[in-house]
Structures are given as structure tokens and as C-alpha cells.
Amino acid sequence: MTERNPARDIIVRAREEHRQALSEADGKALLAAFGIAVPRAVVARDADDAAARAAGLTGPFVTKVVSPDILHKSDAGGVALNLADAAAVGAAVRAMAVRPTIAAARVDGWLVEEMAPRGIEVAVGAVRDPQFGPLIMVGLGGIFVEVLKDVAFRICPITEADAWAMLDELRGAALLRGARGQDPVDRHALVRALMAVGGKGGLLEALGDDLAELDINPLIASPAGVRAVDARFVLTPPAEASPADKASAVSPSSGAAVPRGGEDILAYYRPLFRPRTVAVLGASTRSVAIANTFIRRLKAYGYNGAIYPIHPTAAEVEGLPAYPSLAETPQPVDYAYVAIGAAQIPDVLGAAAGRCRFAQVISSGFGETEEGRETQQALVEGARAGGVRVLGPNCLGTYSPRGGLTFPADAPKEAGTIGIVSQSGGLSTDIIKRGQWRGLRFSGLVTIGNSADIAPHDLLEYFLYDPDTKAVGLYLEDIKDGRAFFELLRNAPVAKPVVILKGGTTSLGRLAASSHTGALGGHERAWDALAAQTPVALVQTVDEFINALLALQHLTPRPQRPTRVVTLFGNGGGSSVLGADSFAREGLAVAPFGKAAREALEALGFPPGTSVLNPIDTPVRSLQEKDGWVAGEILDLVYEHARPDAVAMHLNLAAFVGRGSVDPIGNLLAVVEQTQRKWAGQAHFLLALRGDGSPELDDSKRAYRERARAVGVPVYDEIPDLAKALAVVAVLEDRLAAWQAAAHQR
């Protein structure tokens, strides 16, 4: 015999009655079923019944209207507080019953309950994000939620560490700890309530498919515990499925399961990054098509595998033998570049007969337009029939220095350690070319366009396991399968720092919300939650994206000692002051040195105008002492006595022009190289080379940047850029530490 589930029964009954929301009494019964304390209460028929039933409870009382037509009871005048006795309860019901909004509504009864003890009002809520599924929210009630929007969100299920972090994240967190002489509330009880709603086995995991929005507001927190005073549950439409249940990323075209993790996934995607054979569809005998350009770029880049032009009639294209179809090439195709009409592609891939591993479809006219959605579905079905995995459509493809594969002209041939997945081809070209001049080098970059088949989390998983990739950057517009993406970042056996540049975080707007949580739970909240729960940092511009990845290319995050304190060292007076402000805005401290470091630096006997307090501000004449080698003495003392988490050096190159035949910048870079070896692993080292925009200084800066890159030092144009990049490293160190702690518990 199946055991009854009281919580499920409440939902079933509400649906049988065609309700869009639970009554407050049912909502509180649901909370009680999951261990959240609620006031003792009864539901009365009318004023006389309310007075009679109140006699069995302990005052003071609160009375509320129960109506499926009224979600916001206070706005309708349907709440009466601080009722001293049963007679006051009856009088309150009579007064509320005649108010216009209530008189016009269906009234199922009147909730009479004991007033909760005094405490701090907290709001706990949940909303279903269209990509990630249930999100849980916590904030302080009243003005803090409604006006200040002081709330924290997380993707469910949450851990206890998540719950504690949510409370600490609130700007009003000090009130919970007992600010200004007040007694602290029972924060452990608050954490238990959050876990009961959003934790493993909690209310949202058990009933999440049925709940569109949830508000417990207020949840009264006191030193004695917590009690839910009001609860609102909005139900999902009956036919609506949870995002976690939707197959938003198409299964592999071959019908075989994609391997997960380790050597298997590396082998699976190897043909994408190191193809031995490349087929090109759409090249013309007249050399005018974009596919012809692709062939010429492959040759110029030095691709040493076989290139097979696919052409229905030509014997030769671009000086290479051509073949009628993917099924007729001399060897199976690892990578196909497809630039033919959208309508032809499903049949062409469908005829591949299992002889093509990956097809990158540059053609447009698919799911990016309303009329192209059916064609995109046909593309996926055709690829599945032919045993092909699809990149795109509407994408530029893969750049892989290791495999000799490129789509931009004159891309760097040197392989690096940064993996990129991007849903924008044009932006990817910017990332490669602008990154090139800043010293960024890539283990691979894949554009995936519409992501009709291969989704962002598929390639993210590859880069997480790829030993040649140190950090991953993602430009995303449509995540496709938010749950799979979140679970991968949270639970994969290996973690690497991930930087996300998200397009369209505000484009979806707010949900059509019936609750505070729904109104606050905009699309960007889910991404903030994702970042807080995983080793991810969010950035807002392409420049911040490149700068952060440049730092991660050269610096190894230290979860065991996250970056907090920075030594700022350079020339420029006001630049040092403004630089210290930049670090402070990013949450990093350029703090004055202690006595030992200060005295050691002062003993070097610098001329007037030199400051060694931190920032260390040294005029050019000071840095020119000993032909620039004095910087090594300064850095040795900083590392020995101050022991900062990071050292940021900044040099105004214009100030060194015309000051002798010795190249002090070159010597300073040699000092940096020596310092890196001598004090390896003690502090992150970053460099800002500031110019004046002149061609001469820009040329010298480019040369100095290359020298710095060779010794593992990221170089920036300005101190604020450097500070933002270092702040990303610091954030990722904290999040990697949290990931490691959670992994240890798992």
C-alpha cells in the first residue's frame, strides 16, 4: 500500500479545485510538513465562528481573509493585527468583510492565528528560472526587500554552506547578528529553514515542478527560532514541465552516449581540435566563396592534414582534388566546414554515412529566425541520421593552434592555455585578435552559434579535463541546458577558473510575478547565483574578459590563500594614489607597511620625493639608480618583510624617455624575472605599462609586453585594468576554495 504524502495531497487538492495558488492555511500546512514552524491557527466560516474558535487559542491574534481571488491581502484590507481577544477577532472579521475588494471576491473563510513573538522580519522565497530551475531567495523583510532589494539568490538544491553565505551576503546581515545592542537571532534556525525549502530533499526538490513562486514573508526570526507568519504559493500551469526535465540540448547525432570526463571525453573531442582531415562544403571553382577563403586560410596557417573540397561536379577546387559527398572522401572526415544553403544541409549531412565526426555550419537561416526553426530541427535530425555532431549553425567554427585550424586571418600559431567557448563568431574574432596583442594565447576557441546540437556545457566539460587548458572563458547568450551547466560546474571532479561574459542578462526582463521573489528574481539573479556557487567570475565587457583571462594565463589561483593585500610599486605620484583607489574599489587593500618593512626600505636611502609606505612611489631618478637594478632590492625587501598577496608594478614609460643610454625598463624586466624565480609562488606579480599614445612608446610597449609574457607576467595599459583583473583572480580563489571544501564533503 502506497504511503500518503500530506504535502503532495495539498497540491493535488488545490489543482482539483482549479486554484492558481494555495490558500494561506494550505501554504502554512505545507511549510509545517517540511519542518518550518508556523503559528497555531484555525480557519473560520464567518465572524461568529472566528470569535468562537479564537477562544481555543492564546492571544493576541491576527485575522486574515482567505480568498482565491486575493493574493495581496494587506492591499485589500484583509489583515487585522494585535487583536486582544475573541470579541476583537469577531469585530475585525465583520469590518473586513464589507470592504469593497473583499465583498466582491470569493471568500472561503477567515484565518485566525496566534501572533508570532517579536523579532526581525525575514523573507524567504523561491521562483523558477526558465534556464536553471528553482532559485531560492533570502532577504530581510519590509523595506529591505521592497525598497532596498537587499536579497541573495542561489540555485537549488543549496548546501548549508550556501545558506550561510546567503545570510552573510545581505547588507543587513549585522541586524541578524545583534547590531546596536539587540539580541542576535537564531541564525542556525534560519539556515535550517532555508535548507527545508531549498536543500536536498527540501520542499522545492519534492514539489518544485508544481511551484512557480513561493513567498514566506515575513518569517519572524528571534533568539528563540523562526516562525512563518505569512506564506504565498503560486502554482505552475498544470502542463508546464520543469526546465530540468527538458532535453534542451539535442542528444548526440550518432545516437551514442557522449562520454563524460577524463580520457574518454578528450578522445571524443580530439577530432574537433586536432583534425587529421578537413572537408569543405561550399567552395567554388571561381575562388569567390567564403569557403574558398577558409581553404586559403588553412593553407596559410600551416594546417598539415588532408583538405577535401566537397563539390557535386568539380574535379578540383583551390588546387585540391574535390569529391562529390562526405561519404566519398578517401578517409573519414574529422571536421567539415559547411557553407552551403541552409535548405540543402540536412540532406547533405544525412548522407554522410557515419564518415564525418564534426560539422561546423557557418550558414545562417536557422533558429536565429522564426521561419528557420523547422530547418534547424531538420538539420539536427539529418545530422543524427548521418552520424555527425554539429557546431552551430550560424557560427564561424574552431580556432585551434594545436591542430592548425583557424577561421581568423593571421591568428597566433603559438598554442596557449586559455580555452574559449563563444556563441558569437564576430566577438570571437575580437577576442583572438585583441587578445593576441595583449599577450593572450589559446588552447582552443570554439564558436557554437545557435548551439542546435553541441551545447556550451559539452565543450566546457572538454576544457575542464583538457590538460593543456589552464582557465576557461565563455561568451554566452543562450545556455541551452542550464541545469546541466550548473551541475557540471558544481560537481565535476575537476575544477578550473571560469570567466563568463554573459550577453542578454537583462533582455528577458522580469517574470510576470505575483510575489516579491518573482519580482526580484530577474534573469541576471540566476547568473549571480551560479557564480556564487561555482568557480565562476562574471565580467561585463570584452576588455574585462580578455584582461581577466590574461591574468589567469600567467597567475595560478591560490584557494588556500586568497588575494587580499597588494603592494603597489611604481612611478607617477598621483597615479599611485589613484591606483590605490582602484584597488580599494575592487575590494583589495593597498595597506601601509608595518614597521619592519618600512624601516628596511628607508634604509636604502632614497632621495627626497620617494615614498615607501605603500604605495611605493619612486621618481624616475630613484628607479634609475644602479641602472634600474635598485628595483630588485626594493622587491626583495617587500617580499621578505611585507609578504603581500600580490605585487602590482606600474611604470610611466614617457617619464623614462631621453634619460640616458641605459634601458632601465629592460633592466626592470630582468629584475622582475629574477624576483619571480627567487620568490616563486609567494605573491602574484602584475605590471601596468602606461604610455602617452605616441607610436614610439606603443612600439616599445609591445616589445616590453612580449618580454614580460615570456617570464609569466601579465601586462596592462592602466592600473584600473590591472586592479579589475586581479580582483577576478581573488574572487575565483575564494570560489575555488568553497568548491574544494564542498568536494571534500561529497
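Residues numbered from 1 in each chain as written. Predicted model: local features only at pLDDT ≥ 70, side-chain atom pairs only at ≥ 80, totals over all residues. Heavy atoms only, no water.

- The name an unreviewed UniProt entry assigns to the protein is CoA-binding domain-containing protein, from the organism Bordetella genomosp. 11.

## Remarks on the packing of helix H21 (residues 574-585) against helix H27 (residues 719-745)
Part 1 of the argument: Close contact between H21 and H27 brings their axes to 9 Å; oriented N to C, the two are set at 25°. Judged by the inter-axis angle, H21 sits roughly parallel to H27. Taken as a pair, H21 and H27 cross one another with a handedness that is right-handed. When H21 is examined against H27, the residues Ser575, Gly579, Ser582 and Phe583 are found in contact with a partner set consisting of Ile719, Pro720, Leu722, Ala723 and Leu726. (Axes fitted to C-alpha atoms, helices over the stretch in contact; angles between N-to-C directions. Helix = DSSP H or I, 4+ residues; strand = E, 2+ residues; numbered from the N terminus. Parallel < 35°, antiparallel > 145°, perpendicular 65-115°, else oblique. Left-handed = near helix turned anticlockwise from the far one by under 90°. Contact = heavy atoms within 4.5 Å.)

## Here's the deal with the packing of aromatic side chains
Part 1 of the argument: By the definition in use, this model includes 14 aromatic pairs.
Part 2 of the argument: Between Tyr269 and Phe358, the ring centres sit 5.8 Å apart and the planes meet at 25°, which makes this aromatic pair stacked. Separated by 89 residues along the polypeptide, Tyr269 in helix H11 (residues 262-273) and Phe358 in strand E16 (residues 356-361) bring together distant segments of the chain.
Part 3 of the argument: Under the relative-accessibility criterion, Phe358 is labelled buried at 2%.
Part 4 of the argument: On the numbers, 5.5 Å between centres and 70° between planes, the contact of Phe273 with Phe463 is edge-to-face. You can see Phe273 sitting in helix H11 and its partner Phe463 sitting in helix H16 (residues 456-465), a full 190 residues away along the chain.
Part 5 of the argument: Relative accessible area serves as the criterion here: at 1%, Phe273 is assigned to the buried category.
Part 6 of the argument: Of the aromatic side chains, those joined through ring pairs into one cluster are Tyr268, Tyr269, Phe273, Phe358, Tyr462 and Phe463.
Part 7 of the argument: One residue, Arg357, lies across the ring of Tyr268, its end atom 6.0 Å from the ring centre.
Part 8 of the argument: The ring of Trp437 has Arg702 lying over it, and the distance from NZ or CZ to the ring centre is 5.5 Å. (Phe/Tyr/Trp six-rings, centres within 6.5 Å; stacked < 30°, edge-to-face > 60°. Buried < 20%, exposed > 50% of the residue type's maximum accessible area, 1.4 Å probe, protein only. Lys NZ or Arg CZ within 6 Å of the ring centre and 35° of its normal.)

## Here we look at the sheet that holds strand E2 (residues 61-66)
Part 1 of the argument: With antiparallel pairing, four strands are arranged side by side in an open sheet as E1-E4-E2-E3. Only two strands of the sheet have a single neighbouring strand rather than two, namely strand E1 (41-44) and strand E3 (79-83). On average, each strand axis in the sheet is inclined to that of its neighbour by 20°, with strand direction left out of account.
Part 2 of the argument: When E2 meets strand E4 (residues 109-114), the two strands line up antiparallel, connected through six bridges. Note on E4: the bridge partner recorded for Val62 is Glu113.
Part 3 of the argument: Strand contacts of helix H2 (residues 24-33): E1, E2 and E4, with the helix running at about 45° to E4, the strand carrying the most contacts.
Part 4 of the argument: The strands that helix H4 (residues 86-97) touches are E2, E3 and E4; relative to E3, the one it contacts most, it runs at about 160°. (Pairing = 2+ DSSP bridges.)

## Points about the UniProt feature "domain: CoA-binding" (unreviewed entry) in the protein
Part 1 of the argument: According to UniProt, the positions carrying the feature "domain: CoA-binding" (unreviewed entry) are residues 272-366.
Part 2 of the argument: Across residues 272-366, the secondary structure splits into 21% helix and 27% strand, with the terminal C-alpha atoms separated by 22 Å. (UniProt positions renumbered as here; feature names shortened; annotations may be inferred.)

## A closer look at the pattern of salt bridges
Part 1 of the argument: Here the structure, examined in full by the defined rule, presents 50 salt bridges.
Part 2 of the argument: A salt bridge links Arg187 to Asp168, with the shortest nitrogen-to-oxygen separation between them at 3.1 Å. Residue Arg187 is found in helix H9 (residues 187-198), and its partner Asp168 is found in helix H7 (residues 160-169); the two are separated by 19 residues along the sequence.
Part 3 of the argument: One salt bridge in this structure joins Arg705 and Asp717, with 3.0 Å as the shortest N-O distance. (Salt bridge = Lys/Arg side-chain N within 4 Å of Asp/Glu carboxyl O.)

## Concerning the pairing of E16
Part 1 of the argument: Burial analysis of E16 places five of its six residues in the buried class, the great majority of the element.
Part 2 of the argument: Inspection of the sheet shows strand E15 (residues 333-338) paired to E16 by five bridges, in the parallel sense. Bridge pairing links Val338 to Val361 in E16.
Part 3 of the argument: In this view, the connection linking E15 to its parallel neighbour E16 by way of helix H13 (residues 345-350) has right-handed handedness. (Right-handed = clockwise from strand over helix to strand, strands pointing away.)

## Regarding the sheet that holds strand E27 (residues 646-652)
Backbone hydrogen bonds are what pair the strands of a sheet, in a parallel or an antiparallel way.
Part 1 of the argument: Sheet architecture is open: six strands sit in the order E25-E26-E24-E27-E28-E29, paired in mixed fashion. Looking at strand neighbours, the two that pair on one side only are strand E25 (611-612) and strand E29 (715-716), the edges of this open sheet.
Part 2 of the argument: Note that E27 and strand E28 (residues 684-690) share seven bridges and pair parallel. Bridge assignment links Val647 to a residue of E28, and that residue is Phe685.
Part 3 of the argument: Of the strands in this sheet, strand E24 (566-570), strand E26 (616-617), E27 and E28 are in contact with H21, which crosses E24 at around 155°.
Part 4 of the argument: On top of the sheet, helix H24 (residues 630-642) reaches E24, E26, E27 and E28; it is set at about 170° to E24, its chief contact.

## A short note on helix H15 (residues 425-438)
Part 1 of the argument: End to end, H15 covers 20 Å across 14 residues, agreeing with the expected 20 Å (1.5 Å per residue, within 8%).
Part 2 of the argument: Of all the positions in H15, only Gly425, Leu427, Ser428, Ile431, Ile432, Gly435, Gln436 and Arg438 are classed as buried.
Part 3 of the argument: Taking the backbone nitrogen of Leu427 as reference, a side-chain oxygen 3.1 Å away marks Ser424 as the first, capping residue of H15.
Part 4 of the argument: Phi turns positive, to about 100°, at Gly439, one or two residues after H15. (Expected span 1.5 Å × (residues − 1). Polar contact = N/O pair within 3.5 Å; in protein donor to acceptor, adjacent residues only side chain to side chain.)

## Things to note about unusual backbone geometry
Part 1 of the argument: The omega torsion across Cys156 and Pro157 is 5°, close enough to zero to call that bond cis.
Part 2 of the argument: Structurally, the position occupied by Pro157 is in the loop between strand E7 (151-155) and H7.
Part 3 of the argument: The omega torsion of the bond from Gly392 to Pro393 falls at 5°, within 30 degrees of zero and hence cis.
Part 4 of the argument: Inspection of the secondary structure assignment puts Pro393 in the loop between strand E17 (389-391) and strand E18 (398-399).
Part 5 of the argument: Phi at Lys480 is positive, roughly 75°, even though this residue is not glycine.
Part 6 of the argument: Residue placement: Lys480 occurs in the loop between strand E21 (471-476) and helix H17 (482-491).

## Description of the environment of Tyr335
Part 1 of the argument: When you line up the elements, Tyr335 lands in strand E15.
Part 2 of the argument: Residues Tyr335 and Ala95, spaced 240 residues apart in sequence, show a C-alpha to C-alpha distance of 76 Å.

## Details of the nonpolar core
Part 1 of the argument: Membership of the largest hydrophobic core comes to 63 residues, with the highest contact counts inside it found for Tyr269 and Phe485.
Part 2 of the argument: Considering each element in turn, this core owes the most residues, six residues, to H11.
Part 3 of the argument: With near-sequence residues (within four places) excluded, Phe485 lies in contact with Phe132, His457, Leu460, Leu474, Leu476, Ile479, Ile500, Trp527 and Leu530.
Part 4 of the argument: Membership of the second largest hydrophobic core comes to 48 residues, among which are Leu549, Ala551, Val566 and Ala580. (Core = buried A, V, L, I, M, F, W, Y, C linked by side-chain atoms within 4.5 Å.)

## Quick word on the confidence of the model for the protein
Part 1 of the argument: Confidence along the protein averages 90 in pLDDT terms, with 92% of residues attaining 70 or more.
Part 2 of the argument: In the model, residues 241-256 has pLDDT below 50 throughout and makes 38 contacts with residues more than four positions away in sequence or in other chains.
Part 3 of the argument: In the predicted structure, residues 507-518 sits below a pLDDT of 50 and forms 36 contacts with residues beyond four places in sequence or in another chain. (pLDDT = per-residue confidence, 0-100.)

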